[in-house]
Every structure is written in C-alpha cells, then in structure tokens.
Amino acid sequence: MENKKEMSPVSINQINHVEAIKHLLQATDKSGIKPAFFGVYYDAEEKALVSSDTRRLFMFKGFDGSDYGMISGVYHVVKDKKSMMLVYQSDCNFPNYKQVIPSIEGKEVVKNIE
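Residues numbered from 1 in each chain as written. Predicted model: local features only at pLDDT ≥ 70, side-chain atom pairs only at ≥ 80, totals over all residues. Heavy atoms only, no water.

Participant: Give a description of the overall build of the protein chain that names residues and reports values.
Facilitator: Regarding its fold elements, the protein chain presents one helix and eight strands. Listed N to C, the secondary structure of the protein chain is β-α-β-β-β-β-β-β-β in terms of helices and strands. Expressed as a percentage of the 114 residues in the protein chain, the buried residues total 39%. For the protein chain, the share of sequence-separated contacts (at least 6 apart) that also reach a separation of at least 24 residues comes to 58%. Roughly 7,400 Å² of accessible area belongs to the protein chain as shown, and the carbon and sulfur atoms make up 50% of that amount. (Helix = DSSP H or I, 4+ residues; strand = E, 2+ residues; numbered from the N terminus. Buried < 20%, exposed > 50% of the residue type's maximum accessible area, 1.4 Å probe, protein only. Contact = heavy atoms within 4.5 Å. Areas by Shrake-Rupley, 256 points an atom, 1.4 Å probe, with all protein chains shown as cover.)

Rendered as structure tokens:
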C-alpha cells in the first residue's frame, strides 16, 4: 500500500462512476471552509463514496475503489466533461458518517435517489 501522503491522483473514467460522483458533489461544502466536506470520502470497508455539506449526506454504495488503487480517506474532485481525477487529501478527516444514518431494528434506512 502506498504511503498516504504520496498517493497519486486517481483517474475515474467509467461513465457510471463519473455520474455517481457528479451526484455526490451536490452535497459538498462549496465554501472551502471545511476541507473535509469539499470533496468525497471513500470508505474501503463499506465500498462506498460519501459526501456531505454538513446538512445533507449522499452515499454511493458498491464503489470498489481498490480497482483504482484507492485507500479510505477524503478526495478532492477535479473534473472535466468526460472524466474526473480524485486527489487524496492526507490532512482531512471525514467524520463518522455511520452515526447519522438512521436505522430501524438494526437495518439502515436510506433513501435511494435515481
């Protein structure tokens, strides 16, 4: 595994992944005041990308970042019309998003938006 501080940018070019990340970017902090909320968080254990603007939380499950050589952490997104680069941010800590996902009888209650 690469040293977290030396991780190379990741190029995302699968159209379904690009579209999912575009959707996730709707729930990010555009002000830049909170760097951890400026991009997306990749959770390797859950195989999920997560974003939040501190009021909303968006999640894309089933994203295996290991296909791209990604490790868990915050990534800032650099995009053009057909592809994206995810740049690892070693100095950002994303909060434990699992604490805010509601559950009923131990099962997650998540609204899927198509």
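Participant: An account of the nonpolar core is needed here, citing residue identities and associated values.
Facilitator: One recurring pattern in soluble globular proteins is that nonpolar side chains are buried together. Counting residues in hydrophobic clusters, the biggest one holds 21 residues, and the most contacted among them are Ile 12, Met 70, Tyr 75 and Leu 86. Those elements that provide at least two residues to this core are strand E1 (10-12), helix H1 (15-24), strand E2 (40-43), strand E5 (73-79) and strand E6 (84-88). (Core = buried A, V, L, I, M, F, W, Y, C linked by side-chain atoms within 4.5 Å.)

Participant: Go over the packing of aromatic side chains, please, and point to the residues and values.
Facilitator: Under the defined criterion, the tally for this structure stands at seven aromatic pairs. With a centroid separation of 5.6 Å and 55° between ring planes, the pair formed by Phe 37 and Phe 94 is classed as tilted. Within this pair, whereas Phe 37 is found in the loop between H1 and E2, its partner Phe 94 is found in the loop between E6 and strand E7 (103-104), the two being separated by 57 residues in sequence. Neither Phe 37 nor Phe 94 differs from the other in exposure class; each is buried. Here the aromatic cluster, defined as three or more aromatic residues joined through ring pairs, consists of Phe 37, Tyr 41, Phe 94 and Tyr 97. (Phe/Tyr/Trp six-rings, centres within 6.5 Å; stacked < 30°, edge-to-face > 60°.)

Participant: Now, about the sheet that holds E6: what can you tell me, with residues and values included?
Facilitator: Strand order in the open sheet made by the six strands is E1-E6-E5-E2-E3-E4, with antiparallel pairing throughout. The strands lining the two open edges of the sheet, one partner per strand, are E1 and strand E4 (57-61). Neighbour to neighbour, the strand axes of the sheet diverge by 30° on average, direction disregarded. Sheet analysis places E2 next to E5, joined by three bridges and oriented antiparallel. The residue bridging Tyr 41 from the neighbouring strand is Val 74, located in E5. (Pairing = 2+ DSSP bridges. Axes fitted to C-alpha atoms, helices over the stretch in contact; angles between N-to-C directions.)

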